[in-house]
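Now for the letters of each chain:
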Amino acid sequence: MKCKQTSIEQLVAHADGELDAREEETVARHVASCAACAREVDLLRRSGALVAGMTRLTPGAAFTRRVVAAARRAPAPPRGALRRLWPAAAAAAAVLLAAVAARVWLTAPSSADAGALLTAREEREIAADLYVLSNLDALRGAEAEELISLVEDLDILEGTEPEVSGLFPDDEDGG
Amino acid sequence: MTANDPDTDLMLRCARGDESAFEEIVRRYQGRIASLAFRYLGSAADAEDVAQEVFLRVHRARETYEPTAKLSTWIHRITVNASLNLLRRRRVRRHLNAEMPAGGADREADADFEDPTAKRPHEALLEAELAAVLREIIERLPERQRTAILLNKYQGLSYEDTAATLGLSLPAVKSLLTRARVNIKEALLPYLTAGRSGAGTAEDDDA
Ligand SMILES: [Zn+2]
């Protein structure tokens, strides 16, 4: 941006109507008299409107019925019992992580691009993903729905990638 | 923070075992939640699966629900997590099975849900191209920027609600959103400046 009188962050917030009244007044007055900023705001508004207008799904009454029926079939188990089950789930996940990790380390290099060995970063990524995979897929086979939900919640708590655990640190159960 | 959350009463009724309240929550959120998941997954079927899982989690947790956060914040957060988890599991499956096409195999599903608003042919063509470009831009954004922009611009959450959903401070969210908006705007520049009539959806208000 050429103009130094406003920041791009201010222009974005102005375009979004998210500035407080005082700042809004200042920025709006400037934008009204500055062609460069006015153009910037216009581009931000139009590109923002395009994001807002991206395709949407509209699940209908059949979806509602399906979800309500599924919820009825799976009543919430008592929290106390869940918490007691938890150490078993963690142990199972750890064992499975090791098992599936072994398999990936054996198969991945040949299937990755040009038979190259995985970089350290790729290995970390796979290991992070495996944590999820081993939890979910294997435990699902155990037919213990409480365990699945517990471990899925744990993914959020413990995180599988640093970035995401930082982003979403809270369990939706509110701890 | 939640005093003005119109959904609190609904969730409290749900917590007391009122199944019609749960159904109302599903009805109220199913479009938004499935759409958000769709933006991550690109497949309508996967998005509906995730949406169902989100609502089942809400249902399971209903008795322990404490209105310390808006219901919409909570539901959006679960949706983002569930979508990202599924994306990661897909990535692992691709590592395990090299024959799997590298992404976007379900893209055609998008067309089924396109708004059937009638358009003149050249407009429709331009919009289809623009939609594809935009989808790709969003997909390539760093994960945090992508999530922030989807919550704010696609889902229509305020900056404050976006911050609450992400568990970030308001300044952090402003900075994320600014970077995302600049990236998107720059990538769309050829479309935004071509002819000036290309993006008919833009509001036209003067500041
Ligand atoms: Zn200016």
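Residues numbered from 1 in each chain as written. Chains lettered and ligands numbered in written order. Predicted model: local features only at pLDDT ≥ 70, side-chain atom pairs only at ≥ 80, totals over all residues. Heavy atoms only, no water.

(A) The arrangement of the overall build of chain B in detail. For chain B, the helix and strand inventory stands at 9 helices and 0 strands. Counting helices and strands in the order they occur from the N terminus, chain B gives α-α-α-α-α-α-α-α-α. Across the 207 residues of chain B, 50% fall into the buried class. Sequence-distant contacts, at least 24 apart, represent 65% of the contacts inside chain B between residues at least 6 apart. Accessible area of chain B: about 9300 Å², with a carbon and sulfur share of 51%. (Helix = DSSP H or I, 4+ residues; strand = E, 2+ residues; numbered from the N terminus. Buried < 20%, exposed > 50% of the residue type's maximum accessible area, 1.4 Å probe, protein only. Contact = heavy atoms within 4.5 Å. Areas by Shrake-Rupley, 256 points an atom, 1.4 Å probe, with all protein chains shown as cover.)

(B) Layout of the packing of aromatic side chains. Here the structure, examined in full by the defined rule, presents 1 aromatic pair over all chains. Between Arg56 of chain A and the ring centre of Tyr154 of chain B, over which it is positioned, the NZ or CZ distance is 3.9 Å. (Phe/Tyr/Trp six-rings, centres within 6.5 Å; stacked < 30°, edge-to-face > 60°. Lys NZ or Arg CZ within 6 Å of the ring centre and 35° of its normal.)

(C) Region of interest: the nonpolar core. Judged by nonpolar contacts, the single largest core of 78 residues is most densely connected at Phe55 and Ile184 of chain B. A per-element tally of this core places helix α2 (residues 19–41) of chain B first, with 12 residues. Not counting residues up to four positions away in its chain, the partners in contact with Phe55 of chain B are Phe63 and Val67 of chain A together with Phe22, Ile25, Val26, Tyr29, Gln30 and Ile33 of chain B. (Core = buried A, V, L, I, M, F, W, Y, C linked by side-chain atoms within 4.5 Å.)

(D) Region of interest: the packing of α2 of chain B against helix α7 (residues 143–154) of chain B. Residue and element names in this part refer to chain B. Look at α2 against α7: their axes get within 11 Å of each other, and the N-to-C directions meet at 145 degrees. By crossing handedness, the relation of α2 to α7 is classed as right-handed. Listed contacts from α7 to Ser35, Leu36, Arg39 and Tyr40 of α2 are Arg146, Thr147, Leu150, Leu151 and Tyr154. The residue inventory of the contact of α2 with α7, partitioned by class, reads 5 nonpolar, 2 polar and 2 charged. (Axes fitted to C-alpha atoms, helices over the stretch in contact; angles between N-to-C directions. Left-handed = near helix turned anticlockwise from the far one by under 90°. Nonpolar A, V, L, I, M, F, W, Y, C, P; charged D, E, K, R; others polar.)

(E) Main features of the coordination of the zinc ion. All names here are of chain A. Looking at the zinc ion, the protein donor atoms are Cys3 (SG), His30 (NE2), Cys34 (SG) and Cys37 (SG), and they sit 2.1 to 2.3 Å from it. Every donor residue of the zinc ion comes from the same chain, spaced as C-x26-H-x3-C-x2-C. With Cys3 in the segment before α1 (8–15) and Cys34 in the loop between α2 (21–33) and α3 (35–52), the pair connects residues that are 31 residues apart, well separated along the chain. For Cys3, a relative accessible area of 13% gives the class buried. (Donors = N, O, S within 2.8 Å, 3.2 Å for Na, K, Ca; no water.)

(F) Just the pattern of salt bridges, in detail. The full count for this structure, using the stated rule, is 18 salt bridges over all chains. A salt bridge links Glu40 of chain A to Lys185 of chain B, with the shortest nitrogen-to-oxygen separation between them at 2.3 Å. Of this pair, Glu40 of chain A sits in helix α3 while Lys185 of chain B sits in helix α9 (residues 170–193), placing the two residues on different chains. By relative accessible area, which is 9% here, Glu40 of chain A ends up buried. A salt bridge links Glu53 of chain B to Arg60 of chain B; the nearest nitrogen and oxygen atoms lie 3.4 Å apart. The residues Glu53 of chain B and Arg60 of chain B share a single accessibility class, namely buried. Taken together, the salt bridges that share partners define one network made up of Asp7, Glu23, Glu24, Arg27 and Arg28 of chain B. (Salt bridge = Lys/Arg side-chain N within 4 Å of Asp/Glu carboxyl O.)

(G) The confidence of the model for chain A, seen in detail. Residues and elements named next belong to chain A. Taken as a whole, chain A shows an average pLDDT of 67; of its residues, 42% reach a score of 70 or greater. Summarising per-element confidence for chain A, the mean pLDDT is lowest in helix α8 (residues 162–167) (36) and highest in α1 (98). Ignoring residues within four places in sequence, the model shows residues 107–118, a span with pLDDT below 50, making 13 contacts including any to other chains. (pLDDT = per-residue confidence, 0-100.)

(H) How the structure looks around the confidence of the model for chain B. Residues and elements named next belong to chain B. Here chain B averages 83 in pLDDT, while 80% of its residues score no lower than 70. Model confidence for chain B, summarised as mean pLDDT per element, is weakest for helix α5 (residues 109–112) at 40 and strongest for α7 at 98. In this model, residues 100–116 is a region of pLDDT below 50 whose contacts with residues beyond four sequence positions or in other chains number 25 contacts. In the model, residues 197–207 has pLDDT below 50 throughout and makes 15 contacts with residues more than four positions away in sequence or in other chains. With pTM at 0.68, the complex prediction returns an ipTM value of 0.81.

(I) Structural context of α1 of chain A. Listed in full, the buried residues belonging to α1 of chain A are Leu11, Val12, Ala13, His14 and Ala15 of chain A. Of the surrounding secondary structure, the elements contacted by the buried residues of α1 of chain A are α2 and α3 of chain A together with α8 (159–166) and α9 of chain B. Phi for Gly17 of chain A, located one or two positions after α1 of chain A, is positive at around 65 degrees.

(J) Region of interest: the environment of Leu86 of chain B. Residue and element names in this part refer to chain B. With respect to the helices, strands and loops of the structure, Leu86 is situated in helix α4 (residues 71–96). As a C-alpha pair, Leu86 and Ala47 span 39 residues in sequence and 9.9 Å in three-dimensional space. Beyond its immediate chain neighbours, meaning those up to four positions away, Leu86 contacts Leu41, Asp46, Val50 and Arg93.

(K) Expanded view of the packing of α3 of chain A against α9 of chain B. Across the interface, α3 of chain A lies against α9 of chain B with an axial gap of 9 Å and an inter-helix angle of 95 degrees. The angle between the axes of α3 of chain A and α9 of chain B places the two elements in the roughly perpendicular class. On α9 of chain B, the residues touching Arg39, Glu40, Leu43, Leu44, Arg45, Arg46, Ser47, Gly48, Leu50 and Val51 of chain A of α3 of chain A are Arg181, Ile184, Lys185, Leu188, Leu189, Leu192 and Thr193 of chain B. In terms of residue class, the contact of α3 of chain A with α9 of chain B is built from 8 nonpolar, 3 polar and 6 charged. (Parallel < 35°, antiparallel > 145°, perpendicular 65-115°, else oblique.)

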